[in-house]
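These are the residues of each chain, in order.
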Amino acid sequence: MSGPHTRKPVPASPPLRTIGDVRAALRSGRDFPDDAVSFEADLQRALEASSETDLSAVAMVIVDYRGRIRLRQEPDFDTAVREGIALTERLKRETDER
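Residues numbered from 1 in each chain as written. Predicted model: local features only at pLDDT ≥ 70, side-chain atom pairs only at ≥ 80, totals over all residues. Heavy atoms only, no water.

## Focus on helix α2 (residues 35–49)
When the terminal C-alpha atoms of α2 are compared, their 21 Å separation across 15 residues agrees well with the 21 Å that a helix rising 1.5 Å per residue should span. Within the span of α2, buried status applies to D35, F39, L43 and A46. All buried residues of α2 fall inside an arc of 70° around its axis, so they share one side. Away from its buried face, by an angle of more than 90 degrees, α2 presents the exposed residues V37 and E48. Residues of α2 that are buried sit in contact with α1 (19–27) and α3 (56–73). (Helix = DSSP H or I, 4+ residues; strand = E, 2+ residues; numbered from the N terminus. Expected span 1.5 Å × (residues − 1). Buried < 20%, exposed > 50% of the residue type's maximum accessible area, 1.4 Å probe, protein only. Arc of directions from axis to C-beta. Contact = heavy atoms within 4.5 Å.)

## Let's talk about the side chain of S50
Considering the arrangement of structural elements, one finds S50 in the loop between α2 and α3. Only 2.6 Å separates the side chain of S50 from the backbone oxygen of A46, close enough to count as a polar contact. For S50, the residues in contact, after removing those within four places along its chain, are L55, A57 and V58. (Polar contact = N/O pair within 3.5 Å; in protein donor to acceptor, adjacent residues only side chain to side chain.)

## Focus on the confidence of the model for the protein chain
On average, residues of the protein chain score 85 in pLDDT, and 86% of them reach the 70 mark or higher. Confidence scores differ between elements of the protein chain, with helix α4 (residues 77–97) showing the lowest mean pLDDT of 88 and α2 the highest of 96. In this model, residues 1–5 is a region of pLDDT below 50 whose contacts with residues beyond four sequence positions or in other chains number zero contacts. (pLDDT = per-residue confidence, 0-100.)

## Some remarks on the packing of aromatic side chains
Tallying each qualifying case throughout the model produces two aromatic pairs. Taking the centre distance of 5.2 Å and the plane angle of 75° together, the rings of F39 and Y65 count as edge-to-face. With F39 in helix α2 and Y65 in helix α3, this residue pair connects regions lying 26 residues apart in the sequence. There is no split in this pair, since F39 and Y65 are both buried. (Phe/Tyr/Trp six-rings, centres within 6.5 Å; stacked < 30°, edge-to-face > 60°.)

## Overview of the nonpolar core
Counting residues in hydrophobic clusters, the biggest one holds twelve residues: L16, V22, A25, L26, F39, L43, A46, V58, V61, I62, Y65 and I69. Of all the secondary structure elements, the ones that give two or more residues to this core are α1, α2 and α3. The element contributing the most residues to this core is α3, with five residues. Ignoring sequence-local partners within four residues, the contact set of L43 consists of I19, R23, V58 and V61. (Core = buried A, V, L, I, M, F, W, Y, C linked by side-chain atoms within 4.5 Å.)

Structure (structure tokens):
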């Protein structure tokens, strides 16, 4: 038998199939700071650069922010960032000591 389950439950990921879904997730605070504003600016630039038959740049913006929202919802994200920062600081100190 295994020990008690210590991992935090993963919050339900919002459906992110449409631009409206992505906007709603950004408005609800499921993002990184300033992502809601950046999303609108990036989306506008992609729309202005796209032709009526090639909206791949728009799709790329949606996919990028959808991934950012999902990443931010990962329960271990903050821990992984702190560990990465600590590792970077340790490596920098070790390099400086040489």
